[in-house]
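Topology and contacts: notes
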Amino acid sequence: MGGFFGVASKQDCVLELFYGVDYHSHLGTRRGGMATFGEDGFYRSIHNIENSPFRTKFDRDVGEMKGTLGIGCISDFEPQPLLIQSKLGSFAITTVGKINNYEELLNELYESAHSHFHEMTNGQVNATELVAALICEKETILEGIQYVQERVDGSMTLLLMTEKGIYAARDRYGRTPLVVGAKDDAYCVSFESHAYINLGYKDYKELGPGEIVFVTASGVETLKAPGKDMKICSFLWVYYGYPTSAYEGVNVEEMRYKCGSMLAKRDGDSVHPDIVAGVPDSGIAHAIGYANESGIPYARPFIKYTPTWPRSFMPTNQSQRNLIARMKLIPVHALIEGKKLLLIDDSIVRGTQLRETTEFLYKSGAKEVHVRPACPPLLYGCKYLNFSRSKSEMELITRRVIREREGDDCPQEILDEYADPTTERYVQMIEDIRKLQNFTSLRYHRLDDLLDSIGIDPCKICTYCFNGKE
């Protein structure tokens, strides 16, 4: 994933930009970058943040950079923001998204414009530079951004900073968020709505799907009105959104309480654990919601060692992720030994980390380990965002179980049954996963309950990874 932040101010904005970008550090651990524009022109700095936080790498830059306009990002993929010199003038650009038709667009540029590219990431053209090249195909920046929104298969939300202000454009279907904050002498644009609260900004507006605005220190001009169709990612609330953020008016922490409450209602009197626990960090709020609804005490049988360990899904190497998942959780044996535990995690993807956690709990003396994922079974790899490192759908524990039952070529109508919690095939899949993972019991959050937990029009929410519906 990734996140970004921008500021247009009547005063120097570098310090606010620095803190605003830093508040997106939960969305990536690979690259960080900031670009500003002031009296001396454009200035940009990019650092590798894999082994140390954004704050420590950019501390010196804050003292050197100057400007009243700025954009910055945290990225798990390509280095950005990029500085571009083109027929449309000089600009800085940063993006969040996924381009499924990357090769097609790249080849079109090679053939039609004889383009060449400078930025390479893992042997490929930097996706943000590809977006910049597409924008420069048109006669104005606005036309170029609209062209990108039309042509990209996947998702694309971006900030583009010129000498006069910042263009902010939300993905065509609003799959990722984009909000504007305001105070007396400045405006900001942000992926996460919480990033500007402590900087003194108040909510100004949340961009709609496909909406494009131009932000200066004096105001916000709508250049393209929002579209009617929206498919915002449900995983924003379930997993990678920060608890203090809100999307489409729905706070992440509050949604997770509702989610846990609904899991407890589905369980009813069927299980009798001694304590309810959440896998840190994203499972905690779900567990609190379950405990509040059920009356079963909430406790922390293991504590995340937060000073050093990043979120485990971020590193590119699977063995490194597994090591981090194991090393960052420290047990509290007094709350484990002889106890019946109900454990809530945000999701089960491959199952490796949660199985190791379960084995660790049993070895520490737990009598029972009941597991309640806070979302439905993941059956499909995400086509629209880079929130998962899975290279193939067959890495998903659900698909491995289905392949054992149905063979390599499972028809769509059979997959549809596995996504439906009222079918026998769904029940069999859950039982197979339970046995494979050695859980005492297993019940996933149902899709209808997940949609109710979020509480906005279900037609506006993307649930592709759960049911394959576009």
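Here's what I pulled together on the structure shown here. Predicted model only: the values in this text are computed from it and were never measured. (Residues numbered from 1 in each chain as written. Predicted model: local features only at pLDDT ≥ 70, side-chain atom pairs only at ≥ 80, totals over all residues. Heavy atoms only, no water.)

**Focus: the packing of aromatic side chains**
Summed over the entire model, instances satisfying the criterion amount to 13 aromatic pairs. With a centroid separation of 5.4 Å and an interplanar angle of 80 degrees, the aromatic rings of Tyr187 and Tyr204 are classed as edge-to-face. Residue Tyr187 is located in strand E12 (residues 186-190), and its partner Tyr204 is located in strand E13 (residues 202-206); the two are separated by 17 residues in the primary sequence. Judged by its relative accessible area of 14%, Tyr187 falls in the buried class. On the accessibility criterion, Tyr204 (42% relative accessible area) is partly exposed. Linked through ring pairs, Phe18, Tyr19, Phe54 and Phe58 together constitute an aromatic cluster. Stacked on the ring of Tyr147, the Lys or Arg Lys138 has its end atom at 4.4 Å from the ring centre. (Phe/Tyr/Trp six-rings, centres within 6.5 Å; stacked < 30°, edge-to-face > 60°. Helix = DSSP H or I, 4+ residues; strand = E, 2+ residues; numbered from the N terminus. Buried < 20%, exposed > 50% of the residue type's maximum accessible area, 1.4 Å probe, protein only. Lys NZ or Arg CZ within 6 Å of the ring centre and 35° of its normal.)

**Overview of the nonpolar core**
With 96 residues, the main nonpolar core has Phe235, Trp237, Tyr240, Tyr290 and Met429 as its most contacted residues. If you tally residues by element for this core, the top one is helix H6 (residues 235-240), at six residues. Within the second largest apolar cluster, 32 residues are counted, among which are Leu105, Ala133, Leu160 and Phe214. (Core = buried A, V, L, I, M, F, W, Y, C linked by side-chain atoms within 4.5 Å.)

**Re the pattern of salt bridges**
One pass over the structure, following the stated rule, counts 19 salt bridges. A salt bridge links Glu211 to Lys205; the shortest N-O distance between them is 2.6 Å. Judged by its relative accessible area of 3%, Glu211 is buried. A salt bridge links Arg399 to Glu393; the shortest N-O distance between them is 3.2 Å. Residues participating in the shared-partner salt-bridge network are Arg266, Arg446, Asp448 and Asp449. (Salt bridge = Lys/Arg side-chain N within 4 Å of Asp/Glu carboxyl O.)

**Side note on the side chain of Arg350**
Residue position: Arg350 is located in the loop between strand E22 (340-344) and helix H10 (352-363). Overall, Arg350 belongs to the buried group, its relative accessible area being 16%. A distance of 3.1 Å separates a polar atom in the side chain of Arg350 from a polar atom in the side chain of Glu395. (Polar contact = N/O pair within 3.5 Å; in protein donor to acceptor, adjacent residues only side chain to side chain.)

**Thoughts on the pairing of strand E4 (residues 69-75)**
For a regular strand, side-chain orientation follows a simple rule: the groups alternate between the two sheet faces. Of all seven residues in E4, seven are buried; the element is thus mostly enclosed. Burial along E4 is two-sided: Leu69, Ile71, Cys73 and Ser75 facing one way and Gly70, Gly72 and Ile74 facing the other are all buried. In terms of strand pairing, strand E1 (residues 2-9) meets E4 through seven bridges, oriented antiparallel. Residue Val7 lies in a different strand from E4, and its bridge partner there is Gly70. The pairing of strand E2 (residues 31-38) with E4 spans seven bridges and is classified as antiparallel. Counterpart to Phe37 in the pairing with E4 is Leu69. (Pairing = 2+ DSSP bridges.)

**Observations concerning the sheet that holds strand E24 (residues 441-442)**
Taking strand neighbours across the sheet as the criterion, the four strands line up as E19-E22-E23-E24 in an open arrangement whose pairing is parallel. The open sheet has two edge strands, strand E19 (275-278) and E24, and neither has a second partner.

**Things to note about the packing of helix H7 (residues 252-267) against helix H8 (residues 283-294)**
Contact pair H7 / H8: the axes reach a minimum separation of 6 Å and the direction vectors enclose 50 degrees. By the angle between their directions, the pair H7 and H8 is classed as oblique. Between H7 and H8 lies a crossing whose hand is right-handed. Mapping the contact onto sequence places Glu253, Arg256, Tyr257, Cys259, Gly260, Ser261, Leu263, Ala264, Lys265 and Asp267 in H7 and Ala285, His286, Ile288, Gly289, Tyr290, Glu293 and Ser294 in H8. Looking at the contact of H7 with H8 residue by residue, the class counts come to seven nonpolar, five polar and five charged. (Axes fitted to C-alpha atoms, helices over the stretch in contact; angles between N-to-C directions. Parallel < 35°, antiparallel > 145°, perpendicular 65-115°, else oblique. Left-handed = near helix turned anticlockwise from the far one by under 90°. Contact = heavy atoms within 4.5 Å. Nonpolar A, V, L, I, M, F, W, Y, C, P; charged D, E, K, R; others polar.)

**Overview of the side chain of Asp76**
Topologically, Asp76 is positioned in the loop between E4 and strand E5 (82-86). There is a polar contact of 3.1 Å between the side chain of Asp76 and the backbone nitrogen of Thr29.

**Describing the pairing of strand E11 (residues 179-183)**
Most of E11 sits inside the fold, with four of its five residues counted as buried. In terms of strand pairing, E11 meets E13 through four bridges, oriented antiparallel. Within E13, the residue paired with Gly181 across the bridge is Asp203. In the sheet, E11 pairs with E12 via five bridges, with the strands oriented antiparallel. Residue Lys183 lies in a different strand from E12, and its bridge partner there is Ala186.

**Considering the environment of Tyr23**
Here Tyr23 shows up in the loop between helix H1 (14-22) and E2. Taking the C-alpha atoms as reference points, Tyr23 and Lys367, separated by 344 residues in sequence, lie 40 Å from one another. Dropping the residues within four chain positions of it, Tyr23 is found in contact with His194, Ala195 and Asn198.

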